[in-house]
Amino acid sequence: MLEASSIHIGYQKPLLSETISGSWNKGEVIVLLGDNGVGKSTFLKTLAKLQKPISGSVELTTDKIGWVDASISKGVYLSVFDFISFGISSTKEDIDYWFNRFEINIETSRFVDELSDGQFRKLCIIRQLLKRPEVLFLDEPTVYLDVKSKKQLALIIQELKESCLIFCTTHDLLFAEEIKTSTIEF
Amino acid sequence: MKNSWLIILVVLLFTLFVLELILGTVTIDIIKGFTEFNSVDGNILESRLIRASVSVLVGASCGLAGLGIQTLFKNPLAGPTTLGVNSGASLGVGMFYLIPGVSMHMEWLGLSFFAVLGALAFLFLLIVVSGKSLNLTFVLIVGLFLSYASYEILEVLLQLSDSVGIKSYVFWGMGSFNRANVYSLIALLLVSVMGFVVMKKYATWLNIYSLGDTELKLLTRKSITFNKRLLLIVFGIWIGLITSIVGPIAFVGVVVPNVLKMVIKSSNLNALLPLTALLGAIMVLLADLIARGAIGGFVLPVNAVLSVLGVPIIIYFLVKRISGARG
Amino acid sequence: MFKWFCNRLYLIGIIITLVNLSCGEEKSNSEEISNQLFSIAEETISTHSKNGRVVSEIEKKEYKRVVLLATPFYTYFEVLNAENSIVGLFNRERVKKVPKSIKSVGEGAHLNLEKIIQLKPDLIICNSHQLEDLKSLTIPIMACDEYLEAQPRGRLKFLTMISAITNTGQKAEKILKDFSLKYQNHETLNISVLKLDNFGDGWYQPGCNTYISEVIRMAGATPVCIEESNISEKIAYESAVFKLSENNVFLFMDWGKKKRGWKKRMKHILELDNYPKKIVYCNTTQTNYYKESALNSHLIIDDLNAVLKTEKKGRFFEIKTFEK
């Protein structure tokens with residue numbers, strides 16, 4: 001489903017000296033471990049085709065991609081409903097289901113910049129899940145989440161991996177241990 | 001809820017339109033005006049009809065263009081002036097009036113031609129200078145500097161011009177709905193319809209755009225730079241034309257979208273487009289009613305009325321908004 | 001960065017071109033230009049811009065319902081006893097003793113088109129900058145920029161134009177004759193008169209081909225003015241200070257409605273270290289200066305001459321001195 005053949009990642013200069021190759025499929029949860037700035041996020045972007053590799057190629061058989069990181073913008077007048085509906089056709093049942101799973105109880109007419117960081121992070125994850133992704137990239141998903149929510153997220157990831165290939169970077173080793181099927185160390 | 005807003009606004013717009021025809025500093029017989037077209041009542045009614053139509057089109061256009069530019073720049077206080085295109089129109093008009101000989105030898109081209117030319121020239125410069133990547137922060141800065149530059153050039157021109165030119169230019173700058181005629185009305189209608197259709201077509205794209213480039217790349221296949229450039233050009237032409245017909249009136253473009261987004265609690269362009277057009281039209285129509293002296297009896301410049309109407313509204317909503325947001 | 005530089009260079013280029021363009025077109029003219037501003041033919045009256053372009057053309061006949069947007073022309077109607085031909089007047093409040101039958105059609109920057117249409121005028125007389133606003137009307141328009149005439153004698157000639165549309169030709173001829181005789185030659189006074197204005201955004205000095213400079217010249221004094229210019233031009237702070245330090249008589253045309261508070265209105269000058277000790281003062285509103293300047297410039301000129309010579313208070317001007 002996702003295949004990388006000897007890719008060099010980076011912007012103008014390669015971030016890593018060696019190339020990366022690999023082939024991944026549904027059911028896998030790959031955890032990426034390493035220090036800040038070694039190229040975990042760049043690697044994810046390259047796999048998601050948000051960025052071109054310097055050399056090598058990426059084969060991705062689906063365009064149902066979920067992506068969670070800190071880059072999504074809150075917008076000044078963006079309501080919760082806007083945030084989870086722009087560009088996605090999500091049903092009321094789906095929304096209610098995920099709101100329940102993440103135990104957030106907010107009116108959908110509220111503006112997102114009124115939410116706490118933790119609530120907003122959960123909302124970001126919900127938005128990506130509403131896309132019903134076949135590949136899900138999670139870049140530091142546990143930031144701002146409390147212990148309970150982390151447990152919940154781990155559980156959800158376990159359920160999701162049946163139908164989805166998941167990549168995740170994290171510095172939370174306990175969380176990594178809970179979800180991983182394999183790891184890549186940088 | 002959004003539908004009920006739509007109905008309220010349509011009714012309000014219709015009422016104001018009728019009031020604009022009935023009320024004025026002069027009392028006329030409406031029925032006679034409609035039946036005897038060449039009578040005094042007919043002539044006055046005709047001038048009111050043109051003014052009302054121009055107000056509606058200008059208001060709707062300013063609101064929509066403002067909404068589009070705010071979305072594009074992701075800045076709620078951006079507006080039609082942000083691109084600097086209106087300064088281009090001002091510069092064009094300045095050249096027409098202030099350079100000795102230009103208005104003499106090129107009068108047949110008309111004032112609007114120069115205004116539109118100025119606006120398009122600035123738009124072209126903006127697009128060229130901002131380069132391949134179309135960094136919008138850069139566009140913003142370039143737009144700002146173009147405005148400054150045109151202001152400075154106009155200062156120089158004002159120094160060199162004669163008193164007739166200066167008078168004509170200053171009067172143009174105050175903005176007036178008197179100058180609109182059937183032809184400018186048709187031009188405005190065409191460009192407004194074009195603008196509305198483009199915005200409607202790009203509404204979903206712009207919605208996702210407001211969430212950031214990553215989401216845009218994941219969900220759409222269209223080229224981001226191409227779309228941004230296309231929208232910039234459409235908005236530029238639109239604002240240039242409005243400025244050339246009624247002078248620099250742009251305040252509506254900032255107030256209306258901000259107020260609406262706060263009232264309907266959404267940034268969804270699909271819902272906002274008709275509402276913005278309606279509220280913009282209502283605001284300018286009301287301002288023109290007051291400016292013509294139909295309400296209150298004082299005759300005032302439209303720009304002044306718009307600012308007096310708009311500033312308290314925008315401050316109220318912004319304060320409410322800022323105290324509501326967490327950070 | 002390079003692109004930026006190119007951008008700036010381009011703008012500088014525009015400015016230089018524009019400066020050259022405008023300078024090349026500048027013409028000097030100290031003669032009467034009212035001759036060029038209008039011409040009366042057998043059946044038509046046409047008005048022209050300074051460059052000779054025809055601005056408007058109307059049929060030569062008596063007009064009974066005139067809307068007057070170029071307010072200074074009112075004086076000519078008045079002296080010809082033809083006020084009855086006027087139905088609407090712009091800036092009506094600023095003219096004294098207007099008959100009630102003449103309605104206001106707007107003021108300042110605002111033309112009330114509806115009022116104009118309602119008055120059913122057969123002619124509109126306006127300044128050329130108002131033409132754009134009147135384009136949609138189908139009423140004959142005569143656009144004439146009377147304020148361009150700097151020569152006091154030249155301003156009398158507009159009487160001919162107004163008489164041609166009010167059928168008062170003989171009367172006009174007589175008045176013209178009488179009034180031309182009223183101008184006398186004054187001896188040279190060896191006094192230079194400086195007029196400077198500051199409206200808060202900088203200093204303005206009149207050109208040598210402006211009305212006020214002509215008045216000063218005809219009163220026997222020498223105006224300190226900008227050569228070959230026919231408008232009030234902005235000048236630099238340094239040159240304003242320099243001109244004030246030279247031994248000129250300073251002329252202050254007070255635009256205030258009353259005399260009170262005149263020192264406040266010239267505070268920009270009194271704030272300077274070397275402000276003039278002696279000034280010639282004129283309150284334009286109370287002395288009806290602008291209205292008189294249309295026909296009775298000789299009164300203004302004679303008054304200025306007398307005041308400069310004798311330092312006694314006149315009808316328009318008076319000398320004020322400050323103690324240091």
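Model, not experiment: these values are computed from the prediction.

### As for the overall build of chain C
Then, number 1: In terms of helices and strands, chain C carries 14 helices and 18 strands.
Then, number 2: In chain C, buried positions account for 54% of the 324 residues.
Then, number 3: Counted over contacts in chain C with a minimum sequence separation of 6, partners at least 24 positions apart contribute 58%.
Then, number 4: Here chain C displays about 16000 Å² of accessible surface, and carbon together with sulfur accounts for 51% of that area.

### Considerations on helix 9 (residues 211–218) of chain C
Residues and elements named next belong to chain C.
Then, number 1: The element helix 9 is extensively covered by neighbouring structure, given that 6 of its 8 residues are classed as buried.
Then, number 2: All buried positions along helix 9 are accounted for by Y211, I212, S213, E214, V215 and I216.
Then, number 3: Looking one or two residues past helix 9, G220 carries a phi angle of roughly 100°, positive in sign.

### Here we look at the arrangement of the chains
Then, number 1: Here 2 pairs of chains make contact, and the pair sharing the most contacts is chains B and C.
Then, number 2: You won't find any contact between chain A and chain C; their C-alpha atoms come no closer than 22 Å.

### Some words on the confidence of the model for chain C
Then, number 1: Model confidence for chain C is summarised by a mean pLDDT of 84, while 90% of its residues fall at 70 or above.
Then, number 2: Note that pLDDT drops below 50 for residues 1–29 of chain C; the model gives that stretch 33 contacts with residues more than four away or on any other chain.

### Some words on the packing of helix 6 (residues 111–129) of chain B against helix 11 (residues 224–246) of chain B
Residue and element names in this part refer to chain B.
Then, number 1: At their nearest, the axes of helix 6 and helix 11 sit 9 Å apart, and the two run at 155° to each other. One finds that helix 6 runs roughly antiparallel with respect to helix 11. As helix 6 packs across helix 11, the resulting crossing turns out to be right-handed. Of the residues in helix 11, those touching helix 6 at S112, A115, V116, A119, L120, L123 and I127 are R229, L232, I233, G236, I237, G240, L241 and S244.

### A word on the state of the cysteines
All names here are of chain C.
Then, number 1: Taken as a whole and judged by the stated rule, the model has 1 disulfide over all chains.
Then, number 2: Note on cysteine connectivity: C208 is disulfide-linked to C225, with sulfurs 2.0 Å apart. As the torsion about the S-S bond is roughly 95°, the C208-C225 disulfide counts as right-handed. Highlighted residues: C208 in the loop between strand 13 (203–206) and helix 9 and C225 in the loop between strand 14 (222–224) and strand 15 (232–235), separated in sequence by 17 residues. With respect to burial, C208 and C225 carry one shared label: buried.

### Thoughts on the side chain of C:E292
Residues and elements named next belong to chain C.
Then, number 1: Here E292 is to be found in helix 13 (residues 289–295).
Then, number 2: There is a polar contact of 2.6 Å between the side chain of E292 and the side chain of N296.
Then, number 3: Excluding residues that lie within four positions of it along the chain, E292 makes contacts with T287, S297, I300, R315 and F316.

### A closer look at helix 9 (residues 182–209) of chain B
An α-helix turns once every 3.6 residues. As a result, residues three or four positions apart point the same way.
Residue and element names in this part refer to chain B.
Then, number 1: Given a rise of 1.5 Å per residue, 28 residues ought to cover 40 Å, and the 38 Å separating the end C-alpha atoms of helix 9 matches this to within 8%.
Then, number 2: Remark: the principal bend of helix 9, roughly 55°, maps to A203.
Then, number 3: Put simply, N181 is the residue that caps the front of helix 9, since its side-chain oxygen is 3.1 Å from the backbone nitrogen of Y183.

### Details of the environment of B:G165
Then, number 1: Within the element layout of this structure, B:G165 appears in helix 8 (residues 163–173).
Then, number 2: Through-space distance from the C-alpha of B:G165 to that of B:N178 is 19 Å; in sequence the pair is 13 residues apart.

### Details of the domain arrangement of chain C
Many descriptions give the size of an interface as the accessible area lost when the pieces come together.
Residues and elements named next belong to chain C.
Then, number 1: Domains assigned within chain C are domain 1 (34–181) and domain 2 (192–321).
Then, number 2: With centres defined by C-alpha atoms, the gap from domain 1 to domain 2 works out at 29 Å.
Then, number 3: Listed as interface residues are 15 residues of domain 1 and, on the opposing side, 18 residues of domain 2.
Then, number 4: Roughly 1400 Å² is buried in total at the junction of domain 1 and domain 2, and carbon and sulfur atoms are behind 60% of that figure.
Then, number 5: When the buried area of domain 1 at its contact with domain 2 is split by residue, A150, P152 and R155 rank highest and sum to 36% of it.
Then, number 6: The interface formed by domain 1 and domain 2 includes 1 salt bridge.
Then, number 7: On the surface where domain 1 and domain 2 come into contact, there are 4 residue pairs in polar contact (both at pLDDT 80 or more).
Then, number 8: Every element with two or more residues in the side of domain 1 that touches domain 2 is listed here: helix 3 (74–79) and helix 6 (152–155).

### What about the nonpolar core?
Then, number 1: Residues B:L72, B:F73, B:L83 and B:L232 are the most contacted members of the largest nonpolar core, which totals 106 residues.
Then, number 2: When residues of this core are assigned to their parent elements, the largest contribution, 16 residues, is made by helix 13 (residues 269–291) of chain B.
Then, number 3: Excluding residues within four positions of it along the chain, B:L72 makes contact with B:L136, B:L206, B:Y209, B:K228, B:L231, B:L232 and B:F235.
Then, number 4: Residues C:A82, C:V98, C:I162 and C:Y183 belong to the second largest nonpolar core, which totals 62 residues.

Basis of the calculations
Residues numbered from 1 in each chain as written. Chains lettered and ligands numbered in written order. Predicted model: local features only at pLDDT ≥ 70, side-chain atom pairs only at ≥ 80, totals over all residues. Heavy atoms only, no water. Helix = DSSP H or I, 4+ residues; strand = E, 2+ residues; numbered from the N terminus. Buried < 20%, exposed > 50% of the residue type's maximum accessible area, 1.4 Å probe, protein only. Contact = heavy atoms within 4.5 Å. Areas by Shrake-Rupley, 256 points an atom, 1.4 Å probe, with all protein chains shown as cover. pLDDT = per-residue confidence, 0-100. Axes fitted to C-alpha atoms, helices over the stretch in contact; angles between N-to-C directions. Parallel < 35°, antiparallel > 145°, perpendicular 65-115°, else oblique. Left-handed = near helix turned anticlockwise from the far one by under 90°. Disulfide = S-S within 2.5 Å. Polar contact = N/O pair within 3.5 Å; in protein donor to acceptor, adjacent residues only side chain to side chain. Expected span 1.5 Å × (residues − 1). Bend = angle between axes of the 7 residues up to and from the residue. Domains from an automatic or database assignment. Buried area = accessible area lost by both parts, 1.4 Å probe. Salt bridge = Lys/Arg side-chain N within 4 Å of Asp/Glu carboxyl O. Core = buried A, V, L, I, M, F, W, Y, C linked by side-chain atoms within 4.5 Å.

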